[in-house]
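Here are the chains, one letter per residue:
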Amino acid sequence: MSQGEPILLQDHAALAAALPGARHPAVAARRAEAADRFRRLGLPHARVEAWKYTRLKDLEALPFARAEAVPATAVPDIGLGAVAARVLLVNGRFDAAASELPAVPGLTVRSLKDCLEAGDAAVLELLDRDVDETQAPLAALAGAWLEDGAVLSVDAGVAVDLPVEVVCLAVPGEGPRIAFPRLAVMLGEGASLTLVERFHGPADAVYAVDAATDIAMGAGAALNHYVLQAEGAAATHVSAARCDVPANGRYEGFILQLGGHVARRETRLRMMGAGGDAKLNGAYAATDDAVCDTTTEIRHVAAETTTDQVFKGILDDRSRGVFQGRVNVQRDAQRIVGNQLHNALLLSRKAEVDCKPELLIYADDVKCSHGATCGELSEEEIFYLRSRGIDAATARSLLLEAFLGAAIDLIGNPPVKAAFAARAAEWLALRGVA
Amino acid sequence: MANGLVIKDLHVNVGEREILKGISLSVEPGKVHAIMGPNGSGKSTLAHVISGRPGYEVTGGSVEFNGVDVLEMEPEERAAAGLFLAFQYPVEIPGVTNTVFLKTALNAQRKARGEAEMDPMAFLKFLRDKAKLLQLRDEMLKRPLNVGFSGGEKKRNEMLQMAVLEPKLAILDETDSGLDIDALRIVAEGVNAQRSPERSFLVITHYQRLLDYIVPDVVHVLAHGRIVETGDADLARRLEKTGYADYTPAA
Amino acid sequence: MASSTETVETVNELTGAYKYGFVTDIETDFSPVGLSEETVRFISARKNEPEWLLDWRLKALALWRKMEEPRWAMVSYPAIDYQGLHYYAAPKAKTDGPKSLDEVDPELLSTYEKLGIPLKEQEILAGVVAVDAVFDSVSVATTYKAKLEEKGVIFCSFSEAVQRVPDLVRKYLGSVVPQGDNYFACLNSAVFSDGSFVFIPKGVRCPMELSTYFRINAQNTGQFERTLIVAEEGAYVSYLEGCTAPQRDEHQLHAAVVELVALDDAEIKYSTVQNWYPGDVEGKGGVYNFVTKRGACRGKRSKISWTQVETGSAVTWKYPSCILQGDDSVGEFYSVAITNNAQQADTGTKMIHIGKNTRSTIVSKGIAAGRSDNTYRGLVRVLAGAEGARNYSQCDSLLIGDKSGAHTVPYIESRTPFSTLEHEATTARISDDQLFLCRQRGLSPEEAVALIVNGFCKEVLQNLPMEFAVEAQKLVGISLEGSVG
Ligand SMILES: Nc1ncnc2c1ncn2[C@@H]1O[C@H](COP(=O)(O)OP(=O)(O)O)[C@@H](O)[C@H]1O
Ligand SMILES: [Mg+2]
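Report on the accompanying structure.

Residue and element names in this part refer to chain B. Coordination sphere of the magnesium ion (ligand 2), protein contribution only: S44 (OG) and Q88 (OE1), at 2.0 to 2.2 Å. Of this pair, S44 sits in helix α1 (residues 43-51) while Q88 is found in the loop between β6 (83-86) and β7 (93-97), placing the two residues 44 residues apart along the sequence. The pair formed by S44 and Q88 is uniform in burial state, with each residue classed as buried.

Next up, the structure:
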């Protein structure tokens, strides 16, 4: 048994009694049940198929404690420009003072803490949706410590034009700390929103983030959901987003992962109604001995739904990239289109990539495909550029930027696209990779 | 009873919608009938229903071929009885070569008619001769059915299938669309070479152009699910000038 | 205890006759039911095996007892009663034992004849194939031995090889699939009864295709054959394996092990047409096919190519693999797996790239009809030293009807930048347009499906030797019967 676990759940019952909304049986029971579940599951180990390639070694080895409530430190700006709201979650806790919350018609931003205190049924219901529990020990851990976060709602028929940013900021304490930021998003029928979730923390501190985002969409709603994971190099980051895409709903997701010592972003989409469409793309880059894991699971529950996924990753030094993408087409979910592509570039002899794309298909009128490649930068392309007078280093940097750019270009929102592209370029330049 | 194709008051629905609203038509052996009409008028629907494509509901009327009710027959039984459809949009079958496909089809039909299968060597020669007539390269016979064929090649390939299967009635559904003038001439020559007192044709076309080469005995105009006019080859020439604007939907 | 000792002694007396092929008059055709040390000793004694081989088997048994049956594959079947099986069954000799294939089993022969396999002696004499037929547990006839021996090729039953070339057997047995490799391979290592042995000496190109037919015949019998093929430097062999089993209501267990070793510049081409009894429409009966096949490309520029057409068995669990140790070695896996009715298949390959510039190709075509489940599961692993490694994988699934499932689960693990790995997978169905076109041209729905599916599988089928390709094409049609209404 690793040292981390008992500390994480030490005196859970007593501590949970002091958490927001503990007086509501539904809230308390939820935490207790999640704690039990985590005690049973423990941290993910290699025999759990979903965690075959990623071990949370820092969580296993170090005595992690819950992160304290502390004031915000400076928030890195990524140059998005004007936003409809900027919500700051510091160590998972809603920091109203440091957030920008102008009044926007049809948009409501609340702290999860307030919702829990009030026993808000709609919010609780959203947090309660089922997860395949054996696959999600970290969701159980986060559930046990459910405390605060942000709740965003957009009224039916309202289109929020500017992006809403949710910044999860880690501020370290004395020893290794773990925070549990939680985000709930509710879009009414026909509503639309651009949401940028980003994760930042100090470059050198050992800390962990176990985050979850739950999204509910009314029929015909549209969500752009962009995630920037820019944790510090010693951080453990596990975050999971879940979204049910309704009939005629539209989900466009992008995940840019550039940070963390061990980082894993999971996205679970369920295509619940005809005409639902999801695009889930992403790019990642890792260096040193970082592990960067992108896991997606798309379940086509209803007929006539389409999904498309494109992921690109760059691995340098001794880093390891993991991509697991499962597309599941349920019985009777006919006339489905589900495509998936993953390309990885290894830049060093010690770098590794593990890729497990899966198609599980139970309906016969489907067009599903996946493609995966891993390899090195094309010598031929480098040569081509050099033969045109570009030096080797520049040629490499151009090609790497272009490689990630091919995914980043799929971002539909222009300011976010520009901000993410700049962030990726900066990463490449900083690491001397490019 | 070799009285050819006889369609009486044919009504056809797709889903709730009535597409064919009472078609009557007789094509005697040896005759070439053309069906012209604006897009969406139901020409392909008629061709599909005659050949038994699933997805259509016949709500009234009859289709007989040489005295036999074809609506009761499976598509392959109709094929064996001599009905052939050249598809408006030829279908691709990856991995199955043209040669294998045609050999399998021909032998299946011969078997259904109680005839002996064709000797493989004889078949190859037979196939090559037909291909030459349509100016299809031998190499195309080895390629998977229609995969990677150009539009014109696909249409010529449909004609090759007709030439090999030697049907009694061939329905050509817009075989001319997408063909340049040379390809059009090749296709028409292929058809004309097959004309005989026993074989009849139902040539569906949107344009009069093809009918310069394949001169029809009878021309029908199909509009909004009904045959609104029937005449001789001159009718086609007239339509070329006036278009289909005259045929407004029936009240 | 006393009676079984007696049995062992009787067997020992009789085994003197074994090297001629067959025991003349055996009172017991089966090993005692159940699996124990005694069973293993019985089998080993029956085959007059040397001490080391008995020890090897016993070690496997000890390992097996500590192992758990694997459950990660996407197949489900009721628990197998390993103590309710016979682990050895020899055909009751009719007269003096089968001396030629004509005496093997007319039903079997006529089955093959129907499928167009040139199994009849005269056709064999025409020089196309040399055949070893394994009937239940015992190899009954190896034809065409003399001609092969001229070239130095050894092609005989495994038992015979143990007697004739024990050193070769000892050197290579378990060197690719060690006893404890996995549950079923371990079971096989303890109780394997017979199989084929092939040895192609340095520089020899085997002058004909070698072929083995496996048949499970007896009731309540597991079949555990073991095949070992060694191709020395520069040698070449093409080996074909065909399988059938009669229709029985109860399940039959088949847990074979195949080991291939290719030294420098050697090439082994291994083709399988697996048509074990799949069970009836409801899933009653049928063979559990839990097979471990693995080839080691030990030598530089060696090549191992697996081609399989899997149409039979109730449950298939099989991953023919290549360990690409030698620099510039090549592994190939071409597979067609068809499941219909209640069949389940979880099959694929592993390509382990160790040497430099190793290359592998995977082409898998899965067809699922009825209520069946068809899973491709494959691993491509490129180790750190395998610079210049290349893999190309293509996995296509075709679904027929809306009650079946087709799954693709590739694992791609790369430890070197200087490799190129490409994986593509698609899932689709036979389109209504394709079906209608075929019917419009005169084919029945079943003929149409057979034609379209054969087209879908073409890349794989064309890798089979001619005689097998014809059989395989027919099998594709037969195994999909009833899949379209
Ligand atoms: N499978 C179908 N489902 C729905 N509508 C159809 C279908 N097939 C044909 N139709 C409709 O029937 C009408 C006639 O189509 P078609 O026979 O293809 O016309 P034409 O060949 O004369 O252009 C069109 O309005 C078309 O949209
Ligand atoms: Mg049309």
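A separate point is the sheet that holds β6 of chain B. Residues and elements named next belong to chain B. Taking strand neighbours across the sheet as the criterion, the 6 strands line up as β6-β9-β10-β3-β11-β12 in an open arrangement whose pairing is mixed. Among the strands making up the open sheet, the edge pair consists of β6 and β12 (226-231). Direction aside, neighbouring strands of the sheet carry axes that sit 20° apart on average. With 5 bridges joining them, strand β3 (residues 32-36) and strand β10 (residues 200-205) adopt parallel strand pairing. Considered in β10, the bridge of I35 is made with I204.

Residues and elements named next belong to chain A. Along the chain, D214 turns up in strand β10 (residues 207-217). Given the relative accessible area of 0%, D214 is considered buried. In the structure, D214 is positioned 116 residues away from Q330 in sequence and 22 Å away in space, judged by C-alpha atoms. Looking at D214, its side chain comes within polar contact range of the side chain of R242, at 2.7 Å.

Moving on to the interface of chain B and chain C. Opposite the 30 residues of chain B that make contact, chain C presents 18 residues. Three residues stand out in chain B for area buried against chain C, namely E76, F87 and V91 of chain B, and they jointly supply 25% of the buried area on that side. At the junction of chain B with chain C, the criterion picks out 10 residue pairs in polar contact (both at pLDDT 80 or more). At 6 residues, helix α3 (residues 98-112) of chain B tops the list of elements feeding residues into the side of chain B that touches chain C. Along the lines of polarity and charge, the residues of the side of chain B that touches chain C split into 18 nonpolar, 7 polar and 5 charged.

Residue and element names in this part refer to chain C. Where helix α3 (residues 51-65) meets helix α9 (residues 183-191), the closest approach of the two axes is 7 Å, and the angle between their N-to-C directions is 145°. α3 and α9 meet at a crossing whose hand is left-handed. Along its contact with α3, which presents W56, R57, A60, L61, L63 and W64, the element α9 presents Y183, C186, L187, S189, A190 and V191.

This part is about the packing of α3 of chain B against helix α4 (residues 120-133) of chain B. Residue and element names in this part refer to chain B. In the contact formed by α3 and α4, the axes pass within 11 Å of each other and the chain directions differ by 115°. Classed by the angle they form, the pair α3 and α4 counts as roughly perpendicular. Where α3 crosses over α4, the two elements pack in a sense that is right-handed. Each of T99, L102, K103 and L106 in α3 lies in contact with α4, whose residues at this interface are F123, L124, F126 and L127. Taken together, the residues of the contact of α3 with α4 sort by class into 6 nonpolar, 1 polar and 1 charged.

This part takes up the pairing of strand β5 (residues 150-154) of chain A. Residues and elements named next belong to chain A. Counting buried residues along β5, 5 of its 5 residues qualify, which places the element largely inside the surrounding structure. What you see with β5 is no split at all: A150, L152 and V154 on one side and V151 and S153 on the other are buried throughout. Sheet analysis places strand β4 (residues 107-111) next to β5, joined by 5 bridges and oriented antiparallel. Paired with V109 across the bridge in β5 is L152. Both β5 and strand β8 (residues 182-187) contribute to a ladder of 5 bridges, which runs parallel. In the strand pairing of β8, S153 is matched with M186.

Now for the interface of chain A and chain C. Across the contact, 35 residues belong to chain A and 33 residues belong to chain C. The junction of chain A with chain C conceals about 2800 Å² of combined surface from both sides, 48% of it contributed by carbon and sulfur atoms. Per-residue buried area on chain A facing chain C is highest for R349, D364 and C374 of chain A; these three make up 21% of the total on that side. At the junction of chain A and chain C, the tally comes to 4 salt bridges. Residue R415 of chain C is joined to E352 of chain A by a salt bridge in which the shortest nitrogen-to-oxygen separation is 3.2 Å. At the junction of chain A with chain C, the criterion picks out 19 residue pairs in polar contact (both at pLDDT 80 or more). Mapped by element, the contributors of at least two residues to the side of chain A that touches chain C are β20 (352-361) and β21 (366-375) of chain A.

The rules behind each value
- Residues numbered from 1 in each chain as written.
- Chains lettered and ligands numbered in written order.
- Predicted model: local features only at pLDDT ≥ 70, side-chain atom pairs only at ≥ 80, totals over all residues.
- Heavy atoms only, no water.
- Donors = N, O, S within 2.8 Å, 3.2 Å for Na, K, Ca; no water.
- Helix = DSSP H or I, 4+ residues; strand = E, 2+ residues; numbered from the N terminus.
- Buried < 20%, exposed > 50% of the residue type's maximum accessible area, 1.4 Å probe, protein only.
- Pairing = 2+ DSSP bridges.
- Axes fitted to C-alpha atoms, helices over the stretch in contact; angles between N-to-C directions.
- Polar contact = N/O pair within 3.5 Å; in protein donor to acceptor, adjacent residues only side chain to side chain.
- Contact = heavy atoms within 4.5 Å.
- Buried area = accessible area lost by both parts, 1.4 Å probe.
- Nonpolar A, V, L, I, M, F, W, Y, C, P; charged D, E, K, R; others polar.
- Left-handed = near helix turned anticlockwise from the far one by under 90°.
- Parallel < 35°, antiparallel > 145°, perpendicular 65-115°, else oblique.
- Salt bridge = Lys/Arg side-chain N within 4 Å of Asp/Glu carboxyl O.

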